[in-house]
Amino acid sequence: MSSRLRVNPIACDGHGLCAELFPERVTLDDWGYPIVDGAPIPRPLEQHARRAVDACPVLALRLQVLTRKD
Amino acid sequence: MSVSVSRLLRGLHSDGRPVDIGEHLHLHGPLPGRVDRGSLLDAVELSGLHGRGGAGFPTAVKLRAVAGRRGRKVVLANGVEGEPPSGKDKVLLRYVPHLVLDGVEVAAHAVGADQAIVAVSENATAEAAVLQSALRERRESDRVGIGIAAVPDTFVAGEETALINAIGGGPPRPTATPPRPFERGLDGRPTLVQNVETLAQLALIARHGPAWYRQIGTREEPGSALVTLSGAVRLPGVYEVPLGTPLRDLVDEAGGPTEPARAVLVGGYFGAWLDADTAFALDLSEASLGAAGGLLGARAIVVLPEGCCALAEVARVSRFLADESAGQCGPCVHGLGAIAQVIASLAQGESREGELRVRRWLDHVEGRGACRHPDGAAGFIRSALDVFADEVVLHARGARCAGRDLRMLPVRRRRERRAA
């Protein structure tokens, strides 16, 4: 089962920890808000993704488990 | 030859009073008695009706989504129309309220709701008053409890989730989805949010059936539609025409242009600019406009004359759209604000350097909000940079713009931002 990163743009305050912890999939725009690549995350990177999700101070980031439909 | 039709806008009075219940029944006949829900949903599907609020979602799909939920359901008729260049929903509410209310009843039956609310903007006092007296006229016969709610007069208030928040007593701001309104809407109940024109069309489909509905329009986009036409035309206003009508015919219907046209805004402030020559060769359908990079949206169309400073118009609307952000999502708040500032400096001829930055920022705001506000604004601004590329160069060279700021594109005055 693979997963992808999703950000709740209302909750996000642009702390930017996610981009530091998971630069493979998260970059920051000119105002410091994360631009998240929503492509499925390969297994070797899952640990990084999880760390980024856990580090978000406002819980704006989550891992969405992809079902066959997605 | 006239291209107007009068399916929705039928029997209007020249003195502006609304069509009353007696006249309404005389014009359209009564709604058919209880039809079973399945046949009604099938009829809507066969009609090919799409939502008329701008997003164009298939109505039957939306109805079925709510119909398939458990629990007490509610219908929310969206008559907020926060977009300054659009007036069609207000026209329906003000002149043919019973057609909208019939549509509410039909929709309620289709999804199995016993309660409905018609939402209007808080400054649409005339429309609310007409609705009130229309409801009194039909109280006896109504099978659904219908109420009226007024919500703050903002651009975003008409967005589904913002509307639900506002009616629930909260600020008119969108929420993150899912859950979508059909899953959890007003008071946590499955909620059908439907534009008032969609509902009025539904009232006609319930009476006359899908085959009748498809007699006009195109195969893919059947039926009639309300268009709000403004700008450099002799008779600006709301017109009902078959979908697929050539834009040129609509402009002729409105008495023709008052002066040579430079460009046409299609789809309102979430729409796109097209060169006048391009636009006038197209039809009023998503297929035709879409192929040229435009869109039909909620069908607010503005004809911009040559004598007008396009950049001044675009700058004013860009600022308005930035100010009308709900203020929740970083890219929308900061991005649209920064973009509006650069567009203003482009209009003042300060430099052209900003253009590339704006184009990059447009990519950065698109798709990054909880709602479609940043996406819609980005489309408007990007198309402006494309269509008015010559004007941008001219302004940057310091050449005096021959155009004046004619204020063809209306905006509401800037509101004080309410504290969160």
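Note: the structure precedes this text.
Before going into details, it helps to say that this report is about the structure given with it.

Here the amide bond leading from Thr 177 of chain B into Pro 178 of chain B is cis, since omega sits at -5°, within 30 degrees of zero. The residue Pro 178 of chain B is located in the loop between helix H7 (160-167) and strand S4 (191-195) in this model. The linkage connecting Pro 178 of chain B with the following residue, Pro 179 of chain B, adopts the cis geometry, with an omega of 0°. Relative to the helices and strands, Pro 179 of chain B is located in the loop between H7 and S4. Notably, Leu 59 of chain A is not glycine yet its phi reads approximately 55°, a positive angle. Along the chain, Leu 59 of chain A falls in the loop between helix H2 (46-55) and strand S4 (61-65). Residue Arg 407 of chain B is not a glycine yet carries a positive backbone phi of 55°. Within the element layout of this structure, Arg 407 of chain B appears in the segment after helix H16 (389-396).

What follows is about the packing of helix H13 (residues 330-347) of chain B against helix H14 (residues 354-365) of chain B. Residues and elements named next belong to chain B. Across the interface, H13 lies against H14 with an axial gap of 10 Å and an inter-helix angle of 155°. Our classification of the angle between H13 and H14 gives roughly antiparallel. Once H13 is placed against H14, the crossing between them reads as left-handed. Within the contact between the two elements, H13 uses Pro 331, Cys 332, Gly 335, Leu 336, Ala 338, Ile 339, Val 342, Ile 343, Ser 345 and Leu 346 and H14 uses Gly 354, Glu 355, Arg 357, Val 358, Trp 361, Leu 362, His 364 and Val 365.

Before going further, it helps to examine the interface of chain A and chain B. The interface is formed by ten residues belonging to chain A together with eleven residues belonging to chain B. Its residues assigned to classes, the side of chain A that touches chain B comprises six nonpolar, two polar and two charged.

Our focus in this paragraph is the nonpolar core. Val 75, Val 104, Ala 107, Leu 163, Val 264 and Leu 304 of chain B are the most contacted members of the largest nonpolar core, which totals 136 residues. Apart from residues no more than four positions distant in its own chain, Leu 304 of chain B is found in contact with Gly 231, Ala 232, Ala 261, Arg 262, Ala 263, Val 264, Leu 265, Ala 310, Glu 313 and Met 408 of chain B. In this structure, Val 7, Tyr 33, Ala 49 and Ala 52 of chain A belong to the second largest nonpolar core, which totals 16 residues.

This next bit is on the sheet that holds strand S5 (residues 224-231) of chain B. All names here are of chain B. Within the open sheet, the five strands sit side by side as S6-S5-S9-S7-S8. Their pairing is mixed. Only two strands of the sheet have a single partner each, and these edge strands are strand S6 (237-242) and strand S8 (272-275). Neighbouring strand axes in the sheet, compared pairwise and without regard to direction, differ in orientation by 30° on average. Pairing analysis gives six bridges linking S5 to S6, with the strands arranged antiparallel. Across the sheet, the residue bridging to Leu 226 is Glu 240, located in S6.

Turning our attention to the pairing of S8 of chain B. Residues and elements named next belong to chain B. Two elements, strand S7 (residues 261-266) and S8, share four bridges in a ladder whose sense is antiparallel. Following the sheet pairing, Val 266 is matched in S8 by Ala 272. The antiparallel hairpin formed by S7 and S8 contains five residues in its connecting segment, where Gly 267 sits at a positive phi of about 80°.

Cut-offs and rules
- Residues numbered from 1 in each chain as written.
- Chains lettered and ligands numbered in written order.
- Predicted model: local features only at pLDDT ≥ 70, side-chain atom pairs only at ≥ 80, totals over all residues.
- Helix = DSSP H or I, 4+ residues; strand = E, 2+ residues; numbered from the N terminus.
- Axes fitted to C-alpha atoms, helices over the stretch in contact; angles between N-to-C directions.
- Parallel < 35°, antiparallel > 145°, perpendicular 65-115°, else oblique.
- Left-handed = near helix turned anticlockwise from the far one by under 90°.
- Contact = placed C-beta atoms within 7 Å.
- Nonpolar A, V, L, I, M, F, W, Y, C, P; charged D, E, K, R; others polar.
- Core = buried A, V, L, I, M, F, W, Y, C linked by C-beta atoms within 7 Å.
- Buried ≥ 20, exposed ≤ 12 C-beta atoms within 10 Å, placed from the backbone.
- Pairing = 2+ DSSP bridges.

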